[in-house]
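Commentary on secondary and tertiary structure
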Amino acid sequence: VGVIHPTNELLCSDIIPRWAVIGWLLTTTTSNIAISNAKLALFYDWLFFEPDKDNIMNIEPAILVMHHSMRTHFAVTASLLDFLCRIIPNFYPALSDKVRQGIYSSLRQILEKRVLPTLYPLFEHSRLDRELKIMVRENFLEFCCPPTIEGSKIDDIKEDMVNHNHIDPSEPVFSDEEGEPIIKHGAEDEDDDDIPLAKVKLKGSPLPEDKLEMSHGLEGVLKQTMDKLHSETDNEMKCEVMERLVQIIIQDDDLDNDMLATLGNCLCSVLQDQLSDNIFPQKVTEESIEDSIGRPLFVLFRNLCELTEEDSRRLPLLSVISEMYNQQQRIGYLLLYYLQASSPSDDGEGSKISSNGKSHVYKDLCITLDKELEACLLSDLKLCQEDDVQLLCWLVPGIYSQFPNVVGNVPLLHLVVSTVDARQLQELVCKVVQGRLVMFRGDSFVTLLSASLLWETFEQFCLWQLVTAHNIPIDNILPILPRLEYINHSEALTSILLMLKQEKPTAELVKHILSRDVKPDGDLFVVSVLRSWCREYEDRLGELIANILSSKCPTSSPNKRKRGPPVKVTGTPAVEKILGHLDRLRPGCRQFYKLEAMQKTLQQAQSFCTDVQRNLFSNLFALVEVDDSNKGKGRGRKPNSITTNLKSKPNRVIKSVSDTSEESSEEEEIVKPKQAKKRKKINPVGSDSD
């Protein structure tokens, strides 16, 4: 494997630096699997880094991506730090100590080579959440200490970090150069002193001075109740205080919008520990779900749900919750969780009414926020995916049942299939099979399939598993078949092939299949379907193809007698396409072409085609069995070789259905379009002179 180490001249030039390109890739990639692989590739050289053998240029891009992303793409920095912490025990557990040593060597080399003057601003950034900061300190404690310099020189260090590698701020870079918040530190720095209260989970009792911040802007009983809610540590007592606060809100008619907004801000700060925690239980039971919603935040939701839509008292509660939503978007999916967790779990009629009734609460919140329902749902569920994948998968069935408008929504379905693993997919399939989950709608299904062609392979695999579980009729899938390319859309073609294998051939199915392009040679889709049908429905398939081909190759005989109106199939493929597919089917299926219907149709097509087409499909037309007597041009001669052979060789492979005079007469006219001008009826079996 080769590596590229840019020279100093190249680093100082006007080209876009490596870390900027990597950061752009990380922010634009939508596949979780691709992002995980990209992170592993980025840190792979760190795992067993040896300073005396490896080059600093191998590990430099990763640390620069984390450093330069702190300003405007902090989520990239946080995710890379989280990945770096988790890869130590999980990459190869048996060599976790060696992996840790390699990463430590990489970080020491970064400091020695002055790639960054210090790692303290990165590992101790104020925007890191509490859990990640604890993980970083557990793994990289020696790099979390502040630099041993005077406080007045901190600005010089930051300036040196900004201008590292001489990147011109006017050039296109990955992160916008915005003002970085001042990093405070001191000798008496404690574990969480540099983390704002709104960003961490409280360890114990709050500090007395924090009460002033929590209830700032409130007066009277509202201020007292908010302070009580903040200072209380017992969960049951906090729920009781929250209940009193809710009653004050819905009963006080004098609360204006500004006061309700202040209440929402205060509640976000007081309930920050609940908003940042994972509320979904590890082991899902009715008891654990019920316990998970026994918190003050859900007391607020419960009171909102208990008020009817006509009750005006619910408006101030909606205003408070909408303000909380603007401050902390997790409110959205937590409300969805409560709506589903508090609904009856049985499938009776009563549970459906209750579930549909509670869905109006979320719809009313969207109206209060002045957002479209589908857009708000998608935004909340995306955040839920980032925070807790298990919770998202648990919410999905309820989302589709409570909000029928999102059934068939492409972005929502993509979010689901890009998130689930094999076990979670199985759970969804089981709910679909039981009839408890519907994810597709007929009028938007083709649009959904078209959009899915751009998804990752595993995402498409999940989609087709769900399609199969829903028993989607094959007719709803056929319109997309002609545009599928065997190189770019192999996932869809494979799934459709397996579905067609279970179907019986019909005129509509055969028409759509034969409409696919004959080339390239590697595309075996049409041949595979036709051969599969040949094994079980050979006669039926022969009749269908014969009817389609005959409709494209009409006979020019003016005296031809017809048994009925001609078979007309709208949108039938061109003659060359049909003959091309039949030519590719020819090896290994010669018996199929000996059917009477195929013989007659091939004779008709041969007479209809141009000389160029006859030469192109000469091997196919060579399968037409013609008697020597057909070559004679004598007037009044009977050219029907099929009827003659049936009379002399009853065991011939070509089977006659019945020797009626009408069928024999028609066969004679097909082979010999110019019949002698005799008004006398021709003997259908054959004249005695013959």
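Residues numbered from 1 in each chain as written. Predicted model: local features only at pLDDT ≥ 70, side-chain atom pairs only at ≥ 80, totals over all residues. Heavy atoms only, no water.

1. Notes on the overall build of the protein chain
Formally: Strands are runs of DSSP state E lasting at least 2 residues, helices are runs of H or I lasting at least 4, and numbering of each runs from the N terminus. Relative accessibility under 20% of the residue-type maximum defines a buried residue, over 50% an exposed one, and the middle range a partly exposed one, all with a 1.4 Å probe and only protein chains included. Between two residues, a contact is recorded if the distance between any of their heavy atoms is within 4.5 Å. The Shrake-Rupley method, run with a 1.4 Å probe, gives the accessible areas here. Residue values count only the displayed protein chains as cover.
Counting secondary structure elements, the protein chain contains 35 helices and 0 strands. Counting only residues that meet the buried cut, the protein chain has 47% of its 690 residues in that class. Considering only residue pairs separated by 6 or more positions, the protein chain has 72% of its internal contacts joining residues 24 or more positions apart. Surface accessibility of the protein chain: about 36,600 Å² in total, with carbon and sulfur atoms responsible for 50%.

2. A word on unusual backbone geometry
Phi at Arg114 is positive, roughly 60°, even though this residue is not glycine. You can see Arg114 is positioned in the loop between helix 6 (96–112) and helix 7 (120–123). In this structure, Asn471 takes a positive phi of about 55° despite not being glycine. Mapped onto the elements, Asn471 comes out in the loop between helix 25 (457–470) and helix 26 (490–501). Classification of Asn471 by relative accessible area gives exposed; the value is 64%.

3. Some points on the packing of aromatic side chains
In this description, an aromatic ring pair is defined by two values, namely the gap between the centres and the angle between the planes. The line we're drawing: Only Phe, Tyr and Trp rings are paired, with Trp represented by its six-membered ring, and only when their centres lie within 6.5 Å; those with planes under 30 degrees apart are stacked, over 60 edge-to-face, the remainder tilted.
Considering all chains together, one arrives at 18 aromatic pairs under this definition. An angle of 80° between the planes, with centres 6.1 Å apart, marks the rings of Phe280 and Tyr337 as edge-to-face. Here the residue Phe280 occupies a position in the loop between helix 14 (272–276) and helix 15 (286–292), and Tyr337 occupies one in helix 18 (residues 330–341), the gap between them amounting to 57 residues. Here Phe280 matches Tyr337 in class, with each residue buried. Summarising the aromatic geometry, the rings of Phe592 and Tyr593 are spaced 5.5 Å apart at their centres and angled 80° between planes, so their arrangement reads as edge-to-face.

4. A closer look at a nonpolar patch on the surface
To keep it simple, the criterion reads: Residues enter patches when they are more than 30% accessible in relative terms and free of salt bridges; like-charged ones are connected within 9 Å and nonpolar ones (Val, Leu, Ile, Met, Phe, Trp, Tyr) within 5 Å. Every case where a carboxyl oxygen of Asp or Glu lies within 4 Å of a side-chain nitrogen of Lys or Arg is listed as a salt bridge.
A cluster of nonpolar side chains, Tyr44, Phe48, Phe91, Tyr92 and Leu95, forms an exposed patch at the surface whose accessible area comes to about 460 Å². As for its position among the elements, Phe91 is in the loop between helix 5 (74–90) and helix 6. We classify Phe91 as partly exposed; its relative accessible area is 30%.

5. Topic: the confidence of the model for the protein chain
Basically, it comes down to this: Looking at any residue, its pLDDT shows the predictor's confidence there, from 0 to 100.
For the protein chain, per-residue confidence averages 77 on the pLDDT scale, and 75% of positions sit at 70 or higher. Here residues 150–154 is modelled with pLDDT under 50, and outside its nearest four sequence neighbours on either side it reaches 2 contacts, counting other chains as well. Confidence drops under pLDDT 50 across residues 557–570; counting only partners more than four residues distant or on other chains, this segment forms 20 contacts.

6. Quick look at the pattern of salt bridges
With the rule as written, the count across this model stands at 18 salt bridges. For Glu50, the salt bridge identified is with Lys53, shortest N-O distance 3.5 Å. Residue classification places Glu50 among the partly exposed residues on the basis of a relative accessible area of 32%. Two residues, Arg330 and Asp387, come together in a salt bridge whose shortest N-O distance is 2.7 Å. Separated by 57 residues along the polypeptide, Arg330 in helix 18 and Asp387 in helix 20 (residues 373–387) bring together distant segments of the chain. Relative accessible area serves as the criterion here: at 24%, Asp387 is assigned to the partly exposed category.

7. Some thoughts on the layout of surface pockets
Basically, it comes down to this: Any residue with an atom within 4 Å of a point lines the site, the site being either a cavity, points on a 1 Å grid over the protein atoms alone where a 1.4 Å probe fits but cannot get out, or a pocket, an open set with protein on both sides within 12 Å along at least 5 of 7 lines. Grid points are joined across faces, edges and corners, and a volume is the space filled by probe spheres set on the points. Amino acids are sorted into nonpolar (Ala, Val, Leu, Ile, Met, Phe, Trp, Tyr, Cys and Pro), charged (Asp, Glu, Lys and Arg) and polar (every other residue, Gly among them).
Approximately 2,400 Å³ is the volume found for the largest pocket. Going through the elements one at a time, helix 2 (18–28), helix 3 (32–47), helix 5, helix 8 (130–139), helix 14, helix 18, helix 20 and helix 22 (410–417) are the ones with two or more residues in the lining of the largest pocket. No other element matches the 9 residues that helix 5 contributes to the lining of the largest pocket. Its residues assigned to classes, the lining of the largest pocket comprises 19 nonpolar, 17 polar and 14 charged.

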